[in-house]
Structures are given as C-alpha cells and as structure tokens.
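Observations on the three-dimensional arrangement
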Amino acid sequence: MKTIQLREGKERSLQRRHPWVFSGSVAKGGGDAGETVRVVGHDGGFLAWGAFSPASSIRVRAWSFDAAQRIDAAFFLQRLQRAIALRSRMGIASDGQRLVHGEADGLPGLVVDRYGDVLTLQFGSAGTERWRDTIADALLQATGLHRLYERSDASVRALEGLPERTGWLRGEGEGEGEGDTAITITEHGWQLGLDVALGHKTGYYLDQRDNRHHFARLVRQLGCRTVLNCYSYTGGFSVAALAGGAQQVTSVDSSAPALALARDNLRRNGHDDAAHAFVDADVNAYLRQCLQDSRQFDAIVLDPPKFAPTAAHAERAARAYKDINRLALKLLAPGGLLLTFSCSGGVSADLFHKIVAGAGIDAGVNAAILQRLEGAPDHPTTLEFPEGEYLKGLALLRC
Ligand code: SAH
C-alpha cells in the first residue's frame, strides 16, 4: 500500500473528516490514478484511506477515516446500502431519486440517480473510475434493479484526467424497446418524461423536486393565473403551475429538445395545449422583449444554469443573476410571486440574497421573502462537507 504524507500543519482538514486533500498539502508520495493510498500526517500518524488522483488538484479523496477499514467490494456495498437506507427515511414523493450524492454519502465523485427501474451513474473521480465494475455490481445488489446507464460526461471528468463515457453499463435491451432510454417518473403524483441518455445531467433536475411542489402550492394559495417559467428545461415548474391552478403558462428555454419534452409532459398530465406557450429563446432577451411589450405575470420562475461553477467566477455570475432578477421583478404584477434560484457552488446563499436585493433596488421593486429554498434532501449537505451545498433560492412576494 502506498503512503501519502502531508505537509506539517495540513492535517486538520482530514482530522475534521473533510474528504479532500489538495495537491499543495502533499509532502511526499504518489500513486496511480484511483489507487487506494494511506494518508498520514507529518508525524506519520494515520489520517485516512483515499483514492489518489495524479491529474487533479484534489490529489486525494478520502474513502474512510477508520484505520481498520478495508477498501474493497464489501466497503462499496456497505456505503451504497447506507446511502439508499438514508433516502428511504426521507419520505421522498417520487420514484426519481438521487441515491448517491458523492462526498455527502462517503463516495467522493459518485452520483447515482434512480428513475423508476433505471439507475444512472456518473463516475466523477479517479477513485470511482478505478472501482467502476465493483460499484456497478454492488449497486445492482443493493437496489435489486438490473438496468444501469452510465452518464460519465460531466465536465469534472476532465479535471480528473478522465475521458467522457456514456452508455448502458448493465441491462442493455431489457427495457420496453431495445436500448430504450426514455422513462416516465411520478413526482408528487405528476407524470414526467425524461431521457437518461439525451437529457441534461443524468436526465432530470431532481434537486428541484420539493421546490416544484412548493410552487404548485403557492400558485394555488395566491391565485396566480399567468406564469412565466424561465429556463424551463422539460417543464417541471410548468406542470406544477398548472397543477396549482394557473390559467396560462409560458415556458422559455434555449433547448428545443427540452421544450419538446416539456410539451409532452404537459399533455401527459392532462393539460390543454391552449393553457401553455413554449418559447425557444434566450431568457434575458425574452425578458427584455416582455418588458418592451408591457407584459406582466402573476408568477415567475428563474432557474438558470450554473453561472459560477467556482468562487472565481462569482463576480461575472453576480452581474448575470442581478440582470435577470431585475428584469423579472419588473415584470411581476403587483402582489406577484418570484421563485429565483442559483445552483452555483461559487455563490453562497448570503451572496445570492445580496444580489437579488440589488436587483430589487435597480428595478424599483420591493419584495418580501416568503420562503428560503434549497435543494431536495436526497442531495444532502453534510456537517463535514459544506462545499456540497449549491442550490439556493428565494420565494419573493412583490409588495
Ligand atoms: N427548472 C428546470 C431546470 C432548469 S436547468 C427543472 O425544474 O427541471 C437550466 C435550463 O436552462 C436548461 O434547460 C438549459 O437548456 C436552459 N438554458 C441555459 N441557458 C439559457 C439561456 N440563455 N436562455 C434560455 N435557456 C437557457
């Protein structure tokens, strides 16, 4: 077993069970990509077992802080079972669930989503890549499912020196059609279609599940009739708006395939085509157009893509967030509702609040915070790993 020794004073992070060792903290030692290494402090004392990643600035990701732990097939099975058991206690109202959320589940770099009877996984670190087959087999054992689709095409793979890879890993051809990747899940009683091969991420934005539900409730409570869903993707918030009693919903996205799925999803839930419009456009340009046309909406959702992947991008992202929020606040009818989000890890909840506050001042609009929003519980943030927190939002009521 190879040993990685840390520089003096760099032990604290692992001692606090934070799973990352940055390259600058390593005094000596190395290994192959994904190889299990023993990490010790400056004094030679054991700190963690981890996976070495020669290409990444996160040089080691810890598997375990227990000196007696063996990193083997039984270890992965046990971690997967623990993650799945946690979800089963969360009362998740959907058969679309994130079963494994990387570091938060003690499996750094691994993402597993379940959509009905199909599992998707993403190996986002050299360590998970090395144990790919072991993890796949353990996952089938832990879930009792057979079909497993790999979506290792996230940009983080490049940082780990890993190529993109997608396709069936287990159970190809066992679906309804040969190699069928289109699936329908039931979220809060709504039927939602997605495609695990063609969709964003692993097919769907599971992290917004509870916020879609809140939105349906608020639309009903406030009697919102006209709704603008910006960055709609496959129309999750649009389905929610109509379920909440909205009369006219407009979904805006720059992805034509996502809008096509959104149309299917609204039909699937029995909504009349006349109740919604789909706009293939850049949201910023569309909001400006609406303002020019003096349009107003009773409720608006802003759920943009990640403008700031890391804190280094925060400043430019802040301007982009402020701009769309300013426009949206201006388009809100008096008493209207804005649900606004940021999924940028580099923008904290506190900073996001400040950005939206600035947008309100520029728009000349005052609003009350009805609710602070976050990601669904199956994307947990743990005590030891606050970096895991990424999705934050505000439900605002125009005064
Ligand atoms: N709210 C959605 C998820 C949104 S993800 C849900 O609940 O499922 C972000 C979406 O923004 C993606 O669908 C992407 O296609 C879209 N997008 C990214 N940049 C855009 C832009 N400039 N204008 C319009 N849509 C954009």
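Within any chain, residue numbers begin from 1 and follow the written order of that chain's sequence. Residues qualify for local features only when their pLDDT is at least 70, as the model is predicted, and side-chain atom pairs are given and counted only at 80 or more; totals for whole chains, interfaces and linings, by contrast, use all residues. Side-chain metrics rest on all non-hydrogen atoms present in the structure, leaving aside hydrogens and water.

Time to look at the site of the ligand. One heavy atom within 4 Å of a molecule or strand is enough for the residue carrying it to be called near that molecule or strand. The environment of the ligand is formed by 15 residues, the closest being R212, D253, D282, V283 and D303. For this analysis, a polar contact is any N or O atom pair within 3.5 Å, provided that within protein one partner can donate a hydrogen and the other can accept it, and provided that sequence-adjacent residues contribute only side-chain to side-chain pairs. Note that an oxygen atom of the ligand is positioned 2.6 Å from one of the side-chain N or O atoms of D253. Within the side chain of D282, one N or O atom sits 2.7 Å away from a nitrogen atom of the ligand. Using a 1.4 Å probe, the Shrake-Rupley method yields the accessible areas, and only the shown protein chains count as cover for residues. Look at the ligand: alone it shows 590 Å² of surface, and the protein chains cover 88% of it. Split into classes, the residues belonging to the shell around the ligand amount to seven nonpolar, four polar and four charged. Each residue gets one label: Ala, Val, Leu, Ile, Met, Phe, Trp, Tyr, Cys and Pro are nonpolar, Asp, Glu, Lys and Arg are charged, and the others, such as Gly, are polar.

The next point concerns the nonpolar core. Y115, Y204, F215 and L339 are the most contacted members of the largest nonpolar core, which totals 42 residues. Helix and strand assignments follow DSSP, with helices taken as H or I runs no shorter than four residues and strands as E runs no shorter than two, numbered in order from the N terminus. For this core, the secondary structure elements donating two or more residues are strand 12 (182-187), strand 13 (190-195), helix 6 (209-222), helix 7 (236-243), helix 8 (256-268), strand 17 (297-302) and strand 18 (332-342). Among the elements that make up this core, the one with the highest residue count is helix 7 (five residues). By the convention used here, residues are in contact when the closest approach between their heavy atoms is within 4.5 Å. Apart from the residues within four sequence positions on either side, Y115 is in contact with D95, G96, T120, I183, I185, L194, V196, T202, G203, Y204 and L206. Take the buried Ala, Val, Leu, Ile, Met, Phe, Trp, Tyr and Cys residues and link them wherever side-chain atoms come within 4.5 Å; each set so joined is a nonpolar core. With a 1.4 Å probe rolled over the protein chains alone, any residue whose accessible area is under 20% of its type maximum counts as buried; one over 50% counts as exposed, and the rest are partly exposed.

Within helix 7, seven of the eight residues are buried, which leaves it mostly tucked inside the rest of the structure. Those residues of helix 7 not exposed but buried are G236, F237, S238, V239, A240, A241 and L242.

Bringing the pairing of strand 5 (residues 46-52) into the picture now. Of all seven residues that make up strand 5, six are buried, and the element is covered over most of its length. Note that strand 4 (residues 36-40) and strand 5 share five bridges and pair antiparallel. Opposite V39, over in strand 5, you have A48 as the bridge partner. If you look at the hairpin formed by strand 4 and strand 5, you'll find five residues sitting between the two strands, and G44 has a positive phi there, around 85 degrees. Across four bridges, strand 5 lies against strand 6 (residues 58-64) in antiparallel orientation. Among the inter-strand pairings, F52 is bridged to a residue of strand 6, identified as V60. In short, DSSP must find at least two bridges between two strands for them to pair.

To continue, consider the packing of helix 6 against helix 7. Axis definition: a line fitted to C-alpha atoms, over the contacting stretch in the case of helices. Angles run 0 to 180 degrees between N-to-C directions. Put simply, helix 6 and helix 7 touch, their axes get as near as 8 Å, and they point 30 degrees apart. Relative to helix 7, helix 6 is oriented roughly parallel. The hand of the helix 6/helix 7 crossing is right-handed. Contact residues: N211, R212, F215, A216, V219 and R220 in helix 6; G236, F237, A240, A241 and A243 in helix 7. Residue composition of the contact of helix 6 with helix 7, grouped by class: seven nonpolar, two polar and two charged. For classification purposes, angles smaller than 35 degrees are called roughly parallel, those larger than 145 roughly antiparallel, those between 65 and 115 roughly perpendicular, and all remaining angles oblique. By definition, turning the near helix anticlockwise from the far helix through less than a right angle yields a left-handed crossing, and turning it clockwise yields a right-handed one.

Positionally, S251 belongs in strand 15 (residues 248-253). Exposure remark for S251: the relative accessible area of 0% places this residue in the buried category. Other than its neighbours up to four places away in sequence, S251 contacts N229, S232, S238, L259, A277, F278 and V279.

In what follows, salt bridge is the name for a side-chain nitrogen of Lys or Arg lying within 4 Å of a carboxyl oxygen of Asp or Glu. As enumerated under the stated definition, the model contains 23 salt bridges in all. Because the salt bridges share partners, they merge into one network encompassing E129, R132, E150, R157 and R165.

A pair of Phe, Tyr and Trp rings is counted when the ring centres sit within 6.5 Å of each other, with Trp represented by its six-membered ring. The angle between the planes then sorts it: under 30 degrees is stacked, over 60 is edge-to-face, the rest tilted. If you walk through the whole model with that rule in mind, you get 13 aromatic pairs. Aromatic side chains F75 and F76 sit 5.0 Å apart centroid to centroid with 75 degrees between the ring planes, which places their arrangement in the edge-to-face category. Centroid distance Y321 to F352: 5.8 Å. Interplanar angle 80 degrees. Geometry classified as edge-to-face. A residue pair is termed long-range when its members are at least 10 positions apart, and Y321 in helix 10 (residues 314-331) and F352 in helix 11 (residues 349-363) qualify at 31 residues. Judged on exposure class, the residue Y321 and its partner F352 are both buried. Through a chain of ring-to-ring contacts, the aromatic side chains of W63, F75, F76 and W131 assemble into a single cluster.

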